[in-house]
Amino acid sequence: MDDKELKKIESQTEFEEQLNVEIALENYQFTCEITIENIEPSRQINIGDCIFNEKVTIKATLRSNKEFIFKNGIFIRNCIFEKDVIFQYTQFDGKVRMHHNDFRGKTNFTNTRFQDLVDFYGSTFHKKTIFFKTDFIGTVVFSAVTFKQNVLFTYTLIKKLLLLTRTKVEKGIDLSLAIISGELGIFDLKIDYSKFEAEKGYLDEKKYNDCVAKCGKIPIKNKRETFRILKHHHQERGNIIDSLEFKVLEKKTLYDELSNKIALKKKQTQEGENKFKIMFDLFNLFLNRRSNGFGVDYVRGIIFTLLSVIIFHVFTLLIIGKYDLILEPSAYADYFIPIRGFEFLDKVFSDGGEYSIFVKIFVYLCDILGRVVIGYGIYQTIQAFRKYR
């Protein structure tokens, strides 16, 4: 906002008088609570370069049938809202454009319906933002918008198009409960994953609803589902490169989710959950993470395979007493071929060494296990090389 001297408005009556006189309200400072209501249908509400020091309510006049319908278009730009801004329980029939505004207090969109375009281009939301049961019938634009805290689309209807282009989310985002019958337009969405905190504790129905509808907290399963939605969106449009990022984040979140379930007491887990299955899935994810970074890191695959060869070969040589072969590079070559025969072990055991039957069985089992792990490492490396397929 430019360093201009602002004219002060100190009452609702004064605000309404100025709104009726001027085509656009510019360079004002409002030191009282303001309610922006319907004016004559031919006019658009046009406010720019203003500071609102107290709460602002944007609503329609109460009709006899108890419907709140705001007929006029709204254009509010380059304004600072120091306190809360209330949109709730109102239907907006006209276009709503709110460009480059600074929402420093809370925003309330509960049961709000936007029939046409709503555009928050370049605005900043400082508090947790929940679009609870908000209906976006037309296009909704969050281009170049910054969310300083969590933003949740809880039971939000996306009827036509939701644009998240160059949007910056500094904490978390929840799209898991959005009702998306239209399309998503996502490009260059920036999320600070290091600050994306999720609720990991046990949540009953009441606590869960409080999180997503009142507190602005994101349960960990909602976090995972949000990453799945973003991954699927990019895959549908053939954007494999960006989809890989959300694929990895989805798997990492699932790993955290399963780890949390293992840590919870039995009475806190959902009925019917099998902890052995959870532990097996957790182990599977652990191997995927270590072997190729969930399908995207072939360097990890190579290192995993090399370490597997070294560990299993050295372990076998130590058991059978062939210490002289540990530092022999050629002795490792066959271990890179999982379908090799047992000629090496057969020769060792046929040379007359004193090995019990239990040692022999154990060595053969270790060799078979090594083949499985090494073959898995080779497969994971190939998968990571093919990540852009």
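Residues numbered from 1 in each chain as written. Predicted model: local features only at pLDDT ≥ 70, side-chain atom pairs only at ≥ 80, totals over all residues. Heavy atoms only, no water.

Draft legend 1. Region of the structure containing the environment of Gln149. Mapped onto the fold, Gln149 is located in the loop between strand 22 (146-147) and strand 23 (151-152). Contacts of Gln149, omitting those with residues within four sequence positions, involve Phe125, His126, Lys127, Lys128, Lys171 and Gly172. (Helix = DSSP H or I, 4+ residues; strand = E, 2+ residues; numbered from the N terminus. Contact = heavy atoms within 4.5 Å.)

Draft legend 2. Examining the pairing of strand 9 (residues 74-77) more closely. Two elements, strand 5 (residues 45-48) and strand 9, share four bridges in a ladder whose sense is parallel. Across the sheet, Gly48 pairs through a bridge with Arg77, a residue of strand 9. Pairing analysis gives four bridges linking strand 9 to strand 13 (residues 96-99), with the strands arranged parallel. Note on strand 13: the bridge partner recorded for Arg77 is His99. (Pairing = 2+ DSSP bridges.)

Draft legend 3. Main features of the side chain of Lys231. Structurally, Lys231 can be placed in helix 3 (residues 220-236). The residues contacting Lys231, other than those within four sequence positions of it, are Ser243, Phe246, Lys247 and Glu250.

Draft legend 4. Structural detail: the sheet that holds strand 1 (residues 7-9). As summarised here, the arrangement of the nine strands in space is 1-3-6-10-14-18-22-26-30, forming an open sheet in which the pairing is parallel. In the strand order of this sheet, the two ends are held by strand 1 and strand 30 (190-191), each with one partner. As judged from the two bridges shared by strand 10 (residues 80-81) and strand 14 (residues 102-103), these two strands associate in the parallel manner. Among the inter-strand pairings, Ile80 is bridged to a residue of strand 14, identified as Asp102.

Draft legend 5. How the structure looks around the nonpolar core. Ile36, Ile47, Ile58 and Phe142 are the most contacted members of the largest nonpolar core, which has 64 residues in total. No other element matches the three residues that helix 3 contributes to this core. With residues near it in sequence (within four places) discarded, Ile36 still touches Phe15, Ile45, Ile47, Val56, Thr57, Ile58, Lys59, Phe70 and Ile76. Ile320, Val348, Val363 and Ile374 belong to the second largest nonpolar core, which has 12 residues in total. (Core = buried A, V, L, I, M, F, W, Y, C linked by side-chain atoms within 4.5 Å. Buried < 20%, exposed > 50% of the residue type's maximum accessible area, 1.4 Å probe, protein only.)

Draft legend 6. Structural view of the environment of Phe358. Relative to the helices and strands, Phe358 resides in helix 8 (residues 357-385). Judged by its relative accessible area of 66%, Phe358 falls in the exposed class. Linking Phe358 and Gly301, residues 57 residues apart in sequence, is a C-alpha distance of 33 Å.

Draft legend 7. Structural context of the pattern of salt bridges. Scanning all chains against the criterion turns up 21 salt bridges. Measuring nitrogen to oxygen at the nearest pair gives 3.4 Å for the salt bridge that ties Lys95 to Asp116. With Lys95 in the loop between strand 12 (91-92) and strand 13 and Asp116 in the loop between strand 16 (113-114) and strand 17 (118-119), the pair connects residues that are 21 residues apart, well separated along the chain. A salt bridge links Lys206 to Asp210, with the shortest nitrogen-to-oxygen separation between them at 3.1 Å. Note that Lys206 and Asp210 are positioned in helix 2 (residues 205-215) at a spacing of four residues, about one turn of the helix. Residues joined by salt bridges that share partners form a network here, namely Glu82, Asp102 and Arg104. (Salt bridge = Lys/Arg side-chain N within 4 Å of Asp/Glu carboxyl O.)

Draft legend 8. Up close: the packing of aromatic side chains. Tallied over the entire structure, the rule returns 29 aromatic pairs. With a centroid separation of 5.4 Å and 5 degrees between ring planes, the pair formed by Phe120 and Phe142 is classed as stacked. In this pair, Phe120 sits in the loop between strand 17 and strand 18 (124-125) while Phe142 sits in the loop between strand 21 (139-141) and strand 22, placing the two residues 22 residues apart along the sequence. Between Phe142 and Phe147, the aromatic rings sit 5.8 Å apart at their centres with planes inclined by 55 degrees, giving tilted as the arrangement. With respect to class, Phe142 is no different from Phe147; both count as buried. (Phe/Tyr/Trp six-rings, centres within 6.5 Å; stacked < 30°, edge-to-face > 60°.)

Draft legend 9. Looking closely at the sheet that holds strand 16. With parallel pairing, the six strands of this open sheet are ordered in space as 8-12-16-20-24-28. Looking at which strands have only one partner, the edges of the open sheet turn out to be strand 8 (69-70) and strand 28 (179-180).

Draft legend 10. Region of the structure containing helix 3. End to end, helix 3 covers 24 Å across 17 residues, agreeing with the expected 24 Å (1.5 Å per residue, within 8%). Those residues of helix 3 that sit buried are Ile220, Asn222, Lys223, Thr226, Phe227, Ile229, Leu230, Lys231, His233 and His234. Close packing links the buried residues of helix 3 with strand 27 (173-174), strand 29 (183-187), strand 30, helix 2 and helix 4 (240-263). Two residues or fewer past helix 3, Gly238 is found with a positive phi of approximately 75 degrees. (Expected span 1.5 Å × (residues − 1).)

Honestly, it's all geometry; don't read function into it.
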